[in-house]
Amino acid sequence: MIKDQLREVEEKISAACQRAGRNREDVTLIAVSKTKPVETLKEAYDLGIRVFGENKVQELTQKYEVLPKDIHWHMIGHLQTNKVKYIIDKVDLIHSVDSLKLAQTVEKEAAKHGLVKDILIEVNVAEEESKFGLRMEEVIPFLEQISGFSHVRVRGLMTIAPFVENAEENRSIFADLHKLSVDIEKKNIDNVNVSILSMGMTNDYEVAIEEGATMVRVGTGIFGARNYAV
Ligand SMILES: *Cc1c(COP(=O)(O)O)cnc(C)c1O
């Protein structure tokens, strides 16, 4: 079942890349495996998936312990500062840095391990009350504040677009994040590179790719609906 769904997602990613005149290699598929049991992740692993996204620290570390070590784990959910220490040496990329306090904590914990941790800045492009992330106009001042950090490396921006019936409704959100990344590049801020754009989920990843996404975070489209009741 995962096999067929994965193939369908792959086909849609390739088609979107083609429509946008982009290379398939420029878009990384992150399999969002939150709530799914390790057996299911192993199934995806056996089909070639090596990048998994999780949104809870405890769930990520539990899966990390038992699954193969060549998996790249991405923290995509809201991260509390007191939990950074549990994942700092386990994740390749933190997508959800949204405050100075969190960036400082990542800096401190990464230093303890002698690491330079790659991060994305979460941006609440649509300014939804219910969502985390900096507002668009806060991003450049924030980057200037953290550009002196030596154990944190900014690699790009992330957004969670609103839930909409028609993915086209989110096109301008993705275009706005892309535009912000271009503006940031022009500023040439030390230690800041924003070549990664993490945007697009099951309902809208094709539109996101057309607007420049370099990482798409797909859960339901690969693994089916999540059951939060269990
Ligand atoms: C759950 C989640 C996703 C995946 O959502 P789907 O709609 O199942 O593809 C992507 N990004 C984040 C931050 C998530 O929490």
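A brief look at the structure comes next. None of these values were measured; they are calculated from a predicted model.

**Quick look at the site of the ligand**
- Taken together, Val 32, Lys 34, Ile 76, Ile 160, Met 201, Thr 202, Arg 217, Val 218, Gly 219, Thr 220 and Arg 226 make up the full set of residues near the ligand.
- One of the side-chain nitrogen or oxygen atoms of Thr 202 is found 2.4 Å away from an oxygen atom of the ligand.
- Between Arg 217 and the ligand, the recorded distance is 2.8 Å, taken from a side-chain N or O atom to a nitrogen atom.
- In the complex, 91% of the free accessible area of the ligand, which totals 390 Å², lies under the protein chains.
- Per-class residue counts for the shell around the ligand are five nonpolar, three polar and three charged.

**Brief notes about the environment of Ile 94**
- Among the secondary structure elements, Ile 94 is positioned in strand S4 (residues 91-97).
- Overall, the relative accessible area of 0% leaves Ile 94 in the buried class.
- Remark: the alpha-carbon pair of Ile 94 and Val 218, spanning 124 residues in sequence, is separated by 16 Å.
- When sequence neighbours within four positions are dropped, the list of residues in contact with Ile 94 reads Met 75, Leu 79, Val 106, Lys 117, Asp 118, Ile 119 and Leu 120.

**What about the nonpolar core?**
- Counting 67 residues, the largest nonpolar core has Ile 121, Leu 157 and Ile 184 as its most contacted members.
- Excluding residues within four positions of it along the chain, Leu 157 makes contact with Leu 120, Ile 121, Val 123, Val 139, Leu 177, Leu 180, Ser 181, Ile 184, Val 194, Ile 196, Leu 197 and Ser 198.

**Focus on the pattern of salt bridges**
- Counted according to the given criterion, the structure contains 19 salt bridges.
- Lys 90 is the partner of Asp 89 in a salt bridge, and the nearest nitrogen-oxygen pair spans 3.3 Å.
- Since its relative accessible area comes to 38%, Asp 89 is described here as partly exposed.
- Counted as one network, the salt bridges with shared partners bring together Arg 19, Glu 168, Arg 171, Glu 210 and Glu 211.

**Remarks on the packing of helix H6 (residues 139-146) against helix H7 (residues 171-187)**
- Running from N to C, H6 and H7 cross one another at 40°; their axes reach a closest spacing of 11 Å. Classified by the interaxial angle, the pair formed by H6 and H7 is oblique. Crossing hand, H6 versus H7: right-handed. Of the residues in H7, those in contact with Val 139, Ile 140, Leu 143 and Glu 144 of H6 are Leu 180, Ile 184 and Lys 187.
- When the residues that make up the contact of H6 with H7 are grouped by side-chain class, the tally is five nonpolar, no polar and two charged.

**Re the side chain of Asp 118**
- Note that Asp 118 resides in strand S5 (residues 117-122).
- Judged by its relative accessible area of 12%, Asp 118 falls in the buried class.
- Only 3.1 Å separates the side chain of Asp 118 from the side chain of Arg 155, close enough to count as a polar contact.
- Beyond its immediate stretch of four places on either side in the chain, Asp 118 contacts Asp 92, Leu 93, Ile 94, Arg 153 and Arg 155.

**Re the pairing of strand S1 (residues 28-32)**
- For S1, the buried fraction is high: four of the five residues fall into the buried class.
- In this sheet, strand S8 (residues 215-218) lies alongside S1 in parallel orientation, the contact comprising four bridges. Bridging from a neighbouring strand, Ala 31 pairs with Val 218 of S8.
- Relative to strand S2 (residues 51-54), S1 runs parallel, the two sharing two bridges. Bridge pairing in S2 links Val 32 to Gly 53.
- Handedness of the S1-helix H2 (residues 38-46)-S2 crossover: right-handed.

What counts, and where the lines are drawn
- Residues numbered from 1 in each chain as written.
- Predicted model: local features only at pLDDT ≥ 70, side-chain atom pairs only at ≥ 80, totals over all residues.
- Heavy atoms only, no water.
- Near = heavy atom within 4 Å.
- Polar contact = N/O pair within 3.5 Å; in protein donor to acceptor, adjacent residues only side chain to side chain.
- Areas by Shrake-Rupley, 256 points an atom, 1.4 Å probe, with all protein chains shown as cover.
- Nonpolar A, V, L, I, M, F, W, Y, C, P; charged D, E, K, R; others polar.
- Helix = DSSP H or I, 4+ residues; strand = E, 2+ residues; numbered from the N terminus.
- Buried < 20%, exposed > 50% of the residue type's maximum accessible area, 1.4 Å probe, protein only.
- Contact = heavy atoms within 4.5 Å.
- Core = buried A, V, L, I, M, F, W, Y, C linked by side-chain atoms within 4.5 Å.
- Salt bridge = Lys/Arg side-chain N within 4 Å of Asp/Glu carboxyl O.
- Axes fitted to C-alpha atoms, helices over the stretch in contact; angles between N-to-C directions.
- Parallel < 35°, antiparallel > 145°, perpendicular 65-115°, else oblique.
- Left-handed = near helix turned anticlockwise from the far one by under 90°.
- Pairing = 2+ DSSP bridges.
- Right-handed = clockwise from strand over helix to strand, strands pointing away.

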